[in-house]
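Results of the structural survey
The lines below spell out each chain.
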Amino acid sequence: MDAQPFIKEIGRGREGARGLTYETATRMFDAMFDGGFADIELGAVLIALRMKGESLDEVRAGIDVLEPLLRRVPVDATRPAVSIPSYSGARHTANLVPLLACLLADAGVQVVVHGVTADPKRTTTAEIMQAMGLGPAGGIDRAEVAIARGDPAFVPVDALSSRLAALLELRRQLGVRNVGHTLAKLLNPTESPECLRVACFTHPEFAALQHAYFEQTGRPGMVLRGTEGEVVASTRRAAQIDWVHDGRTEVLVPATVGPAHEMPALPDAHDAPATARWIQSVLAGERPVPDPIERQVGAVLQALGVRPALRDAVVA
């Protein structure tokens, strides 16, 4: 497919570029995920979208094209399920996504974590979960087995969609993230339409985009400011956590001003073995769950209608 009609709209610079209509964006993503663009055209489209910023219609079209192509994880439709995207990893602080995932699984939630398995500059969730003895990241069958035994499952993005994985890999060549990362954070990797999608943002424009996506599509979602791009609450202060459902936003955890009064003693090293040991000590009751993560767990359980079994809880 000729990419020029799309590039002419989105590639006019930040001031002159226009967002694509849903119908036009659907054609663009059809070509993008079907190998319809030459490499130079694909690169031009991705950079133009990044410079312009993705619109709601473009994101909706991208998800609607991508999701039917996914190899989804089967889950029990009678039990709550949650999607936790993990595409960033840790660089400056411990990656506590596995702690969040395990706490939710312990509460009876079917947890599907999806993302990249390795990053040369960061510690990934997949590496930590493997160090915790939760098994190496694998395909859909392995995820189904993990969920059946009550563990969180990690599914590599290439097991969900080789096309999306290839798009994300272009970050190494282009040097910047692309629309594939935006879509990955919002997709539903399970067969359950009621799966709660936890999404995070680092910039305010993405907060508005994620809220609008969940509000307009009616798909259940949770939005918070991430920690180094991951969907786990920061241990430094309680971030606002919003539950978006039935076309409206409900604040489940209000933001706090200033740093936390008591900072948890996080692992000195950020590597996978050290982080795994620290998380396992929390799960064993040897040290407390950081309060912001406790509140995030409570928020997710509240959104799913699950009564925590509990710690003194979570969401007021």
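The structure contained in this document is the topic of the report that follows. Every value quoted in this text rests on a predicted model; they were computed, and no experiment measured them.

Looking now at the packing of aromatic side chains. Going through the model one piece at a time under the given rule, you end up with three aromatic pairs. Taken together, a centroid distance of 6.1 Å and an interplanar angle of 65° make the contact between F6 and F37 edge-to-face. Of this pair, F6 sits in helix α1 (residues 4-10) while F37 sits in the loop between α3 (22-33) and α4 (39-52), and the two are 31 residues apart along the sequence. Using a relative accessible area of 9% as the deciding quantity, one classes F37 as buried. For the pair F29 and F33, a centre-to-centre distance of 6.2 Å together with 20° between the ring planes defines the contact as stacked. In this pair, F29 and F33 are both assigned in helix α3, four residues apart and thus about one turn of the helix distant. The pair F29 / F33 is uniform in exposure class, with both members buried.

Below, the discussion takes up the sheet that holds strand β3 (residues 153-156). Across the sheet, which stays open at both edges, the seven strands sit in the order β3-β2-β1-β4-β5-β6-β7 with mixed pairing between neighbours. Of all strands in the sheet, those bounded by a partner on one side alone are β3 and β7 (248-253). For this sheet, the mean angle separating the axes of adjacent strands, direction not counted, is 25°. In this sheet, strand β6 (residues 241-245) lies alongside strand β5 (residues 221-225) in antiparallel orientation, the contact comprising four bridges. What sits directly across from G221, in β6, is V244. Relative to β7, helix α14 (residues 291-304) is tilted by about 140°, and along the sheet it contacts β1 (81-86), β4 (196-201), β5, β6 and β7.

Inspection of the secondary structure assignment puts E41 in helix α4. In sequence terms E41 and M1 are 40 residues apart; their C-alpha atoms lie 9.7 Å from each other.

About the criteria used
- Residues numbered from 1 in each chain as written.
- Predicted model: local features only at pLDDT ≥ 70, side-chain atom pairs only at ≥ 80, totals over all residues.
- Heavy atoms only, no water.
- Phe/Tyr/Trp six-rings, centres within 6.5 Å; stacked < 30°, edge-to-face > 60°.
- Helix = DSSP H or I, 4+ residues; strand = E, 2+ residues; numbered from the N terminus.
- Buried < 20%, exposed > 50% of the residue type's maximum accessible area, 1.4 Å probe, protein only.
- Pairing = 2+ DSSP bridges.
- Axes fitted to C-alpha atoms, helices over the stretch in contact; angles between N-to-C directions.
- Contact = heavy atoms within 4.5 Å.

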